[in-house]
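# Reading the structure
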Amino acid sequence: MFSSKIFLESFEPLMWAARYTLLVSGLGIAVGLVIGALICMASMSKSGFLRGFAAVWVSYLRGVPMLVQLLVVYYLLPVIGIDVPAIVAAVGTTAIVASAYISEIWRGAINALPKGQAEAAVAIGMAPGDVWRRVVLPQAVSLSLPALINELILLVKASSLVSVVGIMEITRASQAQAGSTFRPLEVYLAAACVYLAINLCLAALGRYLEHRMAV
Amino acid sequence: MELSIFAHYWPMLLKGFGMTVLCWILGTGFGMALGLIIALIQRYSIAPVRWLVQVYVEIIRGTPFLVQLFLLYYGGPMVGIRLDPLPAGIVGLTIYGSPYFAEIFRSAFRAVPTGQIEAARAIGMSEPTIVQRILLPVGLVSALPALVNFSIILTKETVILSIITVPELLYQTQRMSTETFRYLEANLVLALFFWVFVEIISRIGRRFERRITHYLIERP
Amino acid sequence: MVQASSVEVRNVDKFYGPFQALKNVSLSIPAGKVTCLIGPSGSGKSTLLRCMNFLEEYDRGEIRIDGKLIGYDAPGRKMSARNLRQMRRSIGMVFQQFNLWPHMTAQENVAEGLVRVRGMSKPEAMARAATELGKVGLADKLGNYPSRLSGGQQQRVAIARAVAMEPKLMLFDEPTSALDPELVGEVLNVMKALAAAGMTMVVVTHEMGFAAHVADQVAFLEKGELVAVDSPAGIFHAPKDERIWNFLRTYNERNSF
Ligand SMILES: Nc1ncnc2c1ncn2[C@@H]1O[C@H](COP(=O)(O)OP(=O)(O)OP(=O)(O)O)[C@@H](O)[C@H]1O
Ligand SMILES: [Mg+2]
């Protein structure tokens, strides 16, 4: 029979473990935003080499399953003499994978801006750097916010994979809990609820931002 | 780098690849079918049924595939659903993909001009015939790029099945690396392999799209 | 000569939420005659036309085709989908946006209804479709997909698609409004031929020339009200209502330069 006691008791350790889920996905998107911006700039640059590099970066990261990438990074680091805790490998992989999608989101947002706006700024004599800083970027950022929230939701879900390298986030914690209680049904249901709660909050935030932008 | 391990292990890897393709094709096929049913329910059914379906959609989209798999594979037996890893994996992929496919179909159906449906009603066509002859063929074509795109995303999700011991490509690769201690080489080669594989099926997908949409090309 | 229906519209009201799109409209459409519906944009012409084959549900009053109520078995009680389909089989409709099915060739577009609704065999339907397309001057375009036809050609296919079902009544909703001016004539000619063959036709149109020369009667709507029904001469040369006069004046101003 379904034990609501076990189900309810599972929440405490899982919500505790949610710290790591949020850490991996939150740091992942933060670092991913920076790398994504660089990749986005590279993909729009005049240099053929940079454009090629960005294309390969995006194509590799989007073509290879995240779990496989995680294992590659996890096993690669010691070989090239970098000794870091697993959490760093986890955040790093998440950020790198995210950067590929984020660079595409930003490229889309920049391309969606009416061409005339940048031209109008140039026409009144703004320097190219200022055109970017003051006209293009602020708009592109707000235009891309809903897509970025969506990306964050994807990362929260994807962060369940870092359980494989031993990070005690929600999924790993629920595995441990299921093992010790022998009640996988209740425990994994609780885990699903925690994820769902996080993602519904993020989705609501996304809708709010979208709504505010529309006005 | 030690790549000679592949000379010894390739039959096992090939079997793993076959399993990956099998899971992918069945998961995609069933997932699309379930997604289509969901989209049709959302379009034609009464409100309470639509709400129930919407709840299902939100739950599946809000939770990680891995947790869904654990629920099905480890939690399932407690409610009498006892599946081997392979069927569990395929059922899992089907369920996981269905709401995304449903969303693709739903917006494709919305994109079918109402006039084309009304033209069919006006000559007295029945609703099931309209679905079959107009809504599906016209909708499917506009859904095609998104369908291909999401099917490709699903290829990547198949590796997660290794965690519930479906003997697909990643599972076999892990086995090889634990037997040979060549973790890095094995995973690197696997990554490269996926990269190429996904690139190839994307190209095939695009060619397929062009063939199916030939009649939409405007006259010169 | 074709078999032709008459239509009787009596005290029809139609609401979109709180907005009343048709206000107590009554109109007699005699068999074998051409009736044009004219009036300003938003006056309810399309709504009235679409009520006649129940693509739009009217809320009060009745519309009878050959004496048979469409859409309802009795006031307030909807007709079964099956009976409605049965009635629609003999009402053809032509839309402003053609609404051809993009995944079928011209011939398949015409044959589709014959197969799926009339239960004809595929070869028989295709042969019949070829004949109908020949009648609208498209014998050489049978295999073309809609995207490879001009607007005028698409609209003629749409007419052939409706006519192939052997309707006794044809409804046209601004059939030439989406066409380039030089393509309007070819479509109007096909419609004239239909009228000459004795089809009952209800035509929503902004082509006053067509209304004046082909119509047997012209109905003028404004703000959901049927203001007048008269002969073309009566409407265009001796309008009895100031609203008609205003409408025609604006129309003439816009179309003379
Ligand atoms: N689906 C709908 N929902 C709400 N209002 C509608 C709907 N369809 C039409 N209306 C309203 O009903 C009125 C009549 O519309 P209708 O399309 O019949 O006008 P019309 O005379 O055909 O105009 P036009 O010459 O522009 O085609 C309009 O004010 C329109 O805004
Ligand atoms: Mg209209």
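Note that this is a predicted model, so its numbers are computed, not measured. (Residues numbered from 1 in each chain as written. Chains lettered and ligands numbered in written order. Predicted model: local features only at pLDDT ≥ 70, side-chain atom pairs only at ≥ 80, totals over all residues. Heavy atoms only, no water.)

With that settled, the discussion passes to the overall build of chain C. Within chain C, the regular secondary structure consists of nine helices and twelve strands. For 257 residues, the compact-globule formula gives about 18 Å, and the C-alpha radius of gyration of chain C, at 18 Å, lands near that figure. When the backbone C-alpha atoms are referred to their principal axes, chain C occupies close to 55 × 50 × 35 Å. When burial is assessed residue by residue, chain C has 55% of its 257 residues classed as buried. Sequence-distant contacts, at least 24 apart, represent 64% of the contacts inside chain C between residues at least 6 apart. By element, 48% of the accessible surface of chain C is carried by carbon and sulfur atoms, the whole surface being about 11,000 Å². Of note, chain C has its 31 positive side-chain charges centred 6 Å away from the centre of its 27 negative side-chain charges. (Helix = DSSP H or I, 4+ residues; strand = E, 2+ residues; numbered from the N terminus. Rg over C-alpha atoms; globule rule 2.2 N^0.38 Å. Buried < 20%, exposed > 50% of the residue type's maximum accessible area, 1.4 Å probe, protein only. Contact = heavy atoms within 4.5 Å. Areas by Shrake-Rupley, 256 points an atom, 1.4 Å probe, with all protein chains shown as cover. Lys, Arg positive; Asp, Glu negative; His and termini not counted. Charge placed at Lys NZ, Arg CZ, Asp CG, Glu CD.)

On to the UniProt feature "transmembrane region" (unreviewed entry) in chain A. Residue and element names in this part refer to chain A. Taken from the UniProt record, the annotation "transmembrane region" (unreviewed entry) applies to residues 20-42, 54-76, 82-102 and 187-209. Between the first and last C-alpha atoms of residues 20-42 the distance is 32 Å; the span itself is 100% helix and 0% strand. The annotated region residues 82-102 carries 81% helix and 0% strand content, and the separation between its end C-alpha atoms amounts to 27 Å. (UniProt positions renumbered as here; feature names shortened; annotations may be inferred.)

The next subject is the packing of aromatic side chains. Counted according to the given criterion, the structure contains 23 aromatic pairs over all chains. Ring plane angle 20° and centroid distance 4.8 Å describe the contact between Tyr75 of chain A and Tyr183 of chain B, whose orientation is recorded as stacked. Within this pair, whereas Tyr75 of chain A is found in helix H3 (residues 66-79), its partner Tyr183 of chain B is found in helix H8 (residues 183-212), the two belonging to separate chains. Classification of Tyr75 of chain A by relative accessible area gives partly exposed; the value is 21%. The class for Tyr183 of chain B is partly exposed, based on a relative accessible area of 24%. (Phe/Tyr/Trp six-rings, centres within 6.5 Å; stacked < 30°, edge-to-face > 60°.)

Residues and elements named next belong to chain C. If you walk across this open sheet you meet the four strands as S2-S1-S4-S5, and the pairing is antiparallel. A single partner strand is all that each edge strand has here, and the edge strands are strand S2 (19-29) and strand S5 (68-69). For strand S1 (residues 7-16) and S2, the ladder comprises seven bridges, and the chain directions are antiparallel. Counterpart to Val12 in the pairing with S2 is Val25. (Pairing = 2+ DSSP bridges.)

Accessible area lost during the coming together of the parts is what is often quoted as the interface size. Contacts between chain A and chain B engage 34 residues on the former and 32 residues on the latter. Of the roughly 2,800 Å² buried between chain A and chain B, counting both surfaces, carbon and sulfur atoms make up 80%. Across the contact surface, chain A and chain B share zero salt bridges. In this structure, the connection of chain A to chain B is made through six residue pairs in polar contact (both at pLDDT 80 or more). Among the secondary structure elements, those contributing two or more residues to the side of chain A that touches chain B are helix H2 (48-63), H3, helix H7 (170-181) and helix H8 (184-214) of chain A. By residue number, the principal contributor to the side of chain A that touches chain B is H8 of chain A, which donates eleven residues. (Buried area = accessible area lost by both parts, 1.4 Å probe. Salt bridge = Lys/Arg side-chain N within 4 Å of Asp/Glu carboxyl O. Polar contact = N/O pair within 3.5 Å; in protein donor to acceptor, adjacent residues only side chain to side chain.)

The UniProt record marks residues 7-248 of chain C with the feature "domain: ABC transporter" (unreviewed entry), using the residue numbering of this structure. Along residues 7-248 of chain C the backbone is 37% helical and 27% strand, and the end-to-end C-alpha distance reaches 27 Å.

Chain B puts 23 residues into the contact, and the matching count from chain C is 26 residues. For the pair chain B and chain C, the two sides together bury roughly 2,300 Å², of which 61% comes from carbon and sulfur. Seen at the junction of chain B and chain C, the total is two salt bridges. Counting every contact that joins chain B to chain C gives five residue pairs in polar contact (both at pLDDT 80 or more). At the level of secondary structure, the elements contributing two or more residues to the side of chain B that touches chain C comprise helix H5 (114-122) and helix H6 (127-157) of chain B. Here the side of chain B that touches chain C is built from residues that sort into eleven nonpolar, seven polar and five charged. (Nonpolar A, V, L, I, M, F, W, Y, C, P; charged D, E, K, R; others polar.)

Once the charged atoms of two side chains with opposite charge are near each other, the side chains can pair. All names here are of chain C. The full count for this structure, using the stated rule, is 23 salt bridges over all chains. The partner of Glu132 in a salt bridge is Lys135, with the nearest N and O atoms 3.4 Å apart. One end of the pair, Glu132, and the other, Lys135, are both in helix H4 (residues 122-135), three residues apart, so they sit about a helical turn from each other. The class of Lys135 is exposed, set by a relative accessible area of 60%. Overlapping salt bridges, with partners in common, bring together Arg118, Arg128, Glu132, Lys135 and Glu166 in one network.

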